[in-house]
Each structure stands twice: as C-alpha cells, then as structure tokens.
Amino acid sequence: MLKGLIGKKVGMTQIFDDAGAAIPVTLIEAGPCYVTQVRLAEKDGYTAVQLGFSEAKPKRLTGGQLGHLKRNNLAPLRFLREFREKDAQLQEGDKVTVEVFQVGDHVDVVGTSKGKGFQGGVKRYHFRGGPKTHGQSDRQRAPGSRGSGTTPGRVYKGARSAGHMGDDRVTVQNLKVVLVDAERNLLGVRGAVPGAKGGVLTIKAARKQ
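To start, this report covers the structure provided alongside it. (Residues numbered from 1 in each chain as written. Predicted model: local features only at pLDDT ≥ 70, side-chain atom pairs only at ≥ 80, totals over all residues. Heavy atoms only, no water.)

### A look at the pairing of strand β2 (residues 22-30)
- Where strand β1 (residues 4-16) meets β2, nine bridges bridge the pair, whose relative direction is antiparallel. Paired with Lys8 across the strands is Glu29, a residue of β2.
- Here five bridges tie β2 to strand β11 (residues 186-190), and the two strands are oriented antiparallel to one another. Pairing of Glu29 across the sheet is with Leu186, part of β11. (Pairing = 2+ DSSP bridges. Helix = DSSP H or I, 4+ residues; strand = E, 2+ residues; numbered from the N terminus.)

This is the structure we're talking about:
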C-alpha cells in the first residue's frame, strides 16, 4: 500500500504528552490527493504512482497538464509528484487521504528551504571574517585570501564563497507522526520541516523506521 502524500505546510504549534512535556509539532495539510497515473515496469521501465494535489483554476495549468488529468476525469490539480512503489494497490482516479498514516509512523518530508537571496561568506558558510581591530575598516565580513597567487593562479571550482543562499530541495528524515486528523486533512509531525508556511511538501514513509 502506498504511504505517501503531497501537502502544504500550515505552521508550527506544540502539544503535550501524558507526562506534560511540550512537543514541537509541524502541522501539514496533507491531501486529499488523487492518483493521476500509475507507472508499470513493462511499459515505463519502473513502477511508481503519480499523485496530484491542490485544485486550481484551469487557466493556471498548461494544455498538456489539463489533458493529462482529463484522461481520468480529474479536476485541474496544480501539483504532481511521483512515489516509487512496487505494489501500490491503487488505480488511476483513486483518492488518497491522510489516513494512510497512523500515529507512531515515521516519515521523510521533502520541501524547498526558504530563499535568502545573495549572501556573503560569513552568513552563508559561517566564515569567521577578518580582525575587528588594528585599523581595518572594511574587512570584517570579507572571506579573506582565496588561494595561491602562483599555482594554479586561480580559485578552484566549488570553493565556498558568496552566492545564492537557500531555495534548495531539502529532505528531513525520520520524523515521528504525532497527529492524524482525517476530518481536517491534517498531519502533525514532531520537529521542523523545510520551507515557509504554505510551501509544498512531499511526505513519504521513512526508509529507516
């Protein structure tokens, strides 16, 4: 059975266990999702299930996307994700809800981290910076020397330097499910997940339980 969903980050809160300890929880609006395509090994070379989430206005989708969904008489779904699954036991058009998970399960959550724009080396890579005394006026947050002036006479590729920070695909593994609310399509996981409120997330069963 497929144990995976697409969702949106609602925000963080806390709940209390039986001992009265506060548990940090991220709430995710997970599903309902619809099976938009089932990939088969004999046809596609691998087995997977494609899910769709979040109904949108038809004009926000391309003609190809609308035609892909129309095959199964599905609404215009904005987000599509594939989940590798050998025996999903699902058919195209089926509905998948948050009830595929139970309290106590462990999941991996994939999202896009917050973008922070162009940043210098001190903020991006926690460089120490230059001395804060001895007359320097503009070297405090500079990266410093970048290598030899003779051989090779250039900066090696991949060197840590200023650049675009954040806005990366991030996976947080092995988060424990502490809340499943089928009526409101809410999933609560212990700890933080990547991205800002409203960010799209992919939730799937953890590889290592």
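### Observations concerning the environment of Pro76
- Mapping Pro76 onto the fold places it in the loop between α2 (63-70) and β5 (77-84).
- Residue classification places Pro76 among the buried residues on the basis of a relative accessible area of 15%.
- Put simply, Pro76 and Thr202 are 126 residues apart on the chain and 19 Å apart in space, counted from C-alpha to C-alpha.
- In contact with Pro76, other than residues within four places in its own chain, are Ser54, Glu55, Ala56, Pro58, Leu61, Leu66 and Leu69. (Buried < 20%, exposed > 50% of the residue type's maximum accessible area, 1.4 Å probe, protein only. Contact = heavy atoms within 4.5 Å.)

### Notes on the sheet that holds strand β7 (residues 106-112)
- If you walk around this closed barrel you meet the six strands as β1-β2-β11-β10-β7-β12, and the pairing is antiparallel. Within this sheet the neighbouring strands show an average axis-to-axis angle of 50 degrees, counted without direction.
- Of the pairings in the sheet, the one linking β7 to strand β12 (residues 200-205) comprises four bridges and is antiparallel in character. The partner of Asp108 across the bridge, within β12, is Lys204. (Axes fitted to C-alpha atoms, helices over the stretch in contact; angles between N-to-C directions.)

### Quick word on a positive patch on the surface
- A grouping of Lys114, Lys116, Lys123, Arg141 and Lys197 is seen on the molecular surface, where their side chains present a positively charged patch.
- Tracing the sequence through the fold places Lys197 in the loop between β11 and β12. (Patch = residues over 30% accessible without salt bridge, like charges linked within 9 Å, V, L, I, M, F, W, Y side chains within 5 Å. Areas by Shrake-Rupley, 256 points an atom, 1.4 Å probe, with all protein chains shown as cover. Salt bridge = Lys/Arg side-chain N within 4 Å of Asp/Glu carboxyl O. Lys, Arg positive; Asp, Glu negative; His and termini not counted. Charge placed at Lys NZ, Arg CZ, Asp CG, Glu CD.)

### Describing unusual backbone geometry
- With an omega of 0 degrees, the peptide bond running from Gly31 to Pro32 counts as cis.
- Its location among the elements puts Pro32 in the loop between β2 and β3 (33-39).
- Of note, the amide linkage connecting Thr151 to Pro152 takes the cis form, showing an omega dihedral of 5 degrees.
- Residue position: Pro152 is located in the loop between α3 (121-125) and β9 (163-166).
- With phi around 65 degrees, His126 is a residue other than glycine that occupies positive phi space.
- Examined against the element boundaries, His126 turns out to sit in the loop between α3 and β9.

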